[in-house]
Amino acid sequence: MGRRWRDGPGTLAVHGAGGVVEVPVEVAASYRARTRGLLGRDTVDGAMLLTPAGSVHTFRMRFPLDVAYLDRHLTVIAVRTMVPGRLGLPRPRSRHVLEAAAGAMAGWGVAVGVRVSVSPAAPEGSAS
């Protein structure tokens, strides 16, 4: 698809059967941001998108996570809940991983086959 991802805040739109749900998202596209991820945090406001990524781990995490594996078109191919101290198996076709606090994704309608989209946050000082 050729999209150039950048680290920073944005909005995740979940396009489910019940309509569109928008959630704050933090994009981690650089090696440094992906490596740091949610380590050292007690919670996450919204979600974190790791890109590119095909698998994740929860070593040194402080809370359980919902993990959604996305293909190159941002369609969900698997959703798992992971407790701290686990290693997720790599998923074939996975290009991005979406992480959120355990239980959050079900409330947003994230399930296998659902498509999501990500919009970067508007720069501060810009007209809305």
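Note: the structure precedes this text.
All residue numbers refer to position in the chain's written sequence, counted from 1. Given that the model is predicted, a residue must reach a pLDDT of at least 70 before its local features are reported, and side-chain atom pairs must reach 80 or more before they are shown or counted; all residues, however, enter totals for whole chains, interfaces and linings. To obtain the side-chain values, all non-hydrogen atoms of the structure were used and water was disregarded.

Participant: When you look at the side chain of T58 in this model, what are you seeing that I'm missing?
Facilitator: Numbering of helices and strands runs from the N terminus; a helix is a DSSP stretch of H or I covering at least four residues, while a strand is a stretch of E covering at least two. Counting through the fold element by element, T58 comes out in the loop between β3 (47–50) and β4 (65–70). The residues contacting T58, other than those within four sequence positions of it, are L65, M82, V83, P84, G85 and R86. Contact criterion: two residues are considered in contact whenever any of their non-hydrogen atoms come within 4.5 Å of each other.

Participant: Before we go on, may I ask you to explain the pattern of salt bridges in this structure?
Facilitator: Pairing is possible between side chains of opposite charge, provided their charged atoms come close. Salt bridge criterion: a side-chain nitrogen from Lys or Arg within 4 Å of a carboxyl oxygen from Asp or Glu. As enumerated under the stated definition, the model contains 2 salt bridges in all. Across the pair E26 and R41 runs a salt bridge whose closest N-O atoms are separated by 3.1 Å. Remark: R41 occurs in the loop between α1 (31–36) and β3 and E26 occurs in strand β2 (residues 19–28); sequence separation between them is 15 residues. A 1.4 Å probe rolled over the protein chains alone gives each residue an accessible area, and that area as a share of the maximum for its type sets the label: buried under 20%, exposed over 50%, partly exposed in between. Given a relative accessible area of 30%, E26 falls into the partly exposed group. You can call R41 partly exposed: its relative accessible area is 25%.

Participant: What should I look at first to understand the nonpolar core in this one?
Facilitator: Note on soluble globular proteins: their nonpolar side chains tend to be buried together. Grouped together as the largest cluster of nonpolar side chains are 21 residues, with contacts concentrated most on L12, L70, L98 and W108. Dropping the residues within four chain positions of it, W108 is found in contact with V14, V21, V23, G46, A47 and A100. By convention a nonpolar core is built from buried Ala, Val, Leu, Ile, Met, Phe, Trp, Tyr and Cys residues, the set being connected through side-chain atoms within 4.5 Å.

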